[in-house]
Amino acid sequence: METSAKKRLLVAWVVVVAITVIYLWIDRSADDRRVLVGSVAVTVAAIGLALVKFRIILREFMDVRHAPRALCVLTDLLVVVIAVALLSAYFVGRAVT
Amino acid sequence: MTAIEDVSTEAGVDVVGHVPGEGDMWFFVVFESLVFTSYFCVYLYYRAQHEHAFLKAQSALNLPLGIVETILLLTSSWAIARCVQEVRAARYRSAQRFVLATVGLGVAFLGCKLAEWVRLIGEGHTFTSSEFMQHFFFLTGMHAIHLLIGFVVLGVILYQLAPQRRSHQTIETCSTYWHTVDLFWVLIFALLYIVR
């Protein structure tokens, strides 16, 4: 049990680091000869991947997966609220330009 | 500690039905997340409106350094989570080593951030040079203040690891704060360095 808990934490760390490195690939593929180019897809992917990491940190590092159901639901709700708020602000900003 | 059911085979590594740390700290996590989210919304709204100006200023940032900073902070989060596991298993000396590793990783993160600020200011990018840089220095500055408070919190963990104290709940509360600093950075990094 103890070894599996340690291993699970290590796997969580590997996943969040891997997602961070994926950003480098997204960045390189999105731009035109090192000139930054606007992209809705990159913006949505960046926010989406950040929230995946956000949830992994909550569930695995902060041990929410072992917490009472109310805290699990509250933190999941927080992730959803942040996602909706960020994407809404971005798309509303684009729409009213 | 409000453990309802202990499912570990050795000295309580996994605890089910247990709020990690004090409830008040979770109120802080949710409240601070919403405060930061409000600011992120303002940033994204103006960013979408002035895309070219933001992209031009954003190109001054060093993405590989940002990735190194993120990995340092994620690793510090892993280290403090391991510290909590060791505390639950009553291995306090090992827990102490994980706290010291967390301090070292936090200091390395702050060193990278300071180096980035110095380079940007040296190139003429300051708080008033562009709207993007205003957001950049404000967000990374606010995060750095949270990180500095985090060092005090790590000091509290070290204090609590002394033989005559050892309050598991206080240690879990303090580790929750440190993870929160990491949570905010994950979003700040994506919004400042990656978003296009």
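First, a word on scope: everything that follows refers to the structure included in this document.

Ranked by size, the top nonpolar core spans 70 residues in total, and within it A:I57, B:C83, B:V186, B:L187, B:I188, B:A190 and B:L191 carry the most contacts. Ranked by residues supplied to this core, first place goes to helix α6 (residues 168–194) of chain B with 17 residues.

Taken together, the contact pairs 46 residues of chain A with 49 residues of chain B. If you list the elements that add at least two residues to the side of chain A that touches chain B, you get α1 (2–30), α2 (40–61) and α3 (69–95) of chain A. Here the residues of the side of chain A that touches chain B are counted per class, giving 33 nonpolar, 7 polar and 6 charged.

Mapped onto the fold, B:W78 is located in helix α3 (residues 63–88). Taking C-alpha positions, B:W78 is 14 Å from B:Q96, a pair spaced 18 residues apart along the chain. Those residues in contact with B:W78, other than ones at most four positions away along the chain, are A:L9, A:W13 and A:F61.

On to the environment of B:S167. All names here are of chain B. When you line up the elements, S167 lands in the loop between α5 (131–160) and α6. Look at S167 and you get partly exposed, because 15 C-beta atoms sit within 10 Å. Residues S167 and V87 lie 80 residues apart in sequence; the distance between their C-alpha atoms is 9.5 Å.

Criteria and thresholds
Residues numbered from 1 in each chain as written. Chains lettered and ligands numbered in written order. Predicted model: local features only at pLDDT ≥ 70, side-chain atom pairs only at ≥ 80, totals over all residues. Core = buried A, V, L, I, M, F, W, Y, C linked by C-beta atoms within 7 Å. Buried ≥ 20, exposed ≤ 12 C-beta atoms within 10 Å, placed from the backbone. Helix = DSSP H or I, 4+ residues; strand = E, 2+ residues; numbered from the N terminus. Contact = placed C-beta atoms within 7 Å. Nonpolar A, V, L, I, M, F, W, Y, C, P; charged D, E, K, R; others polar.

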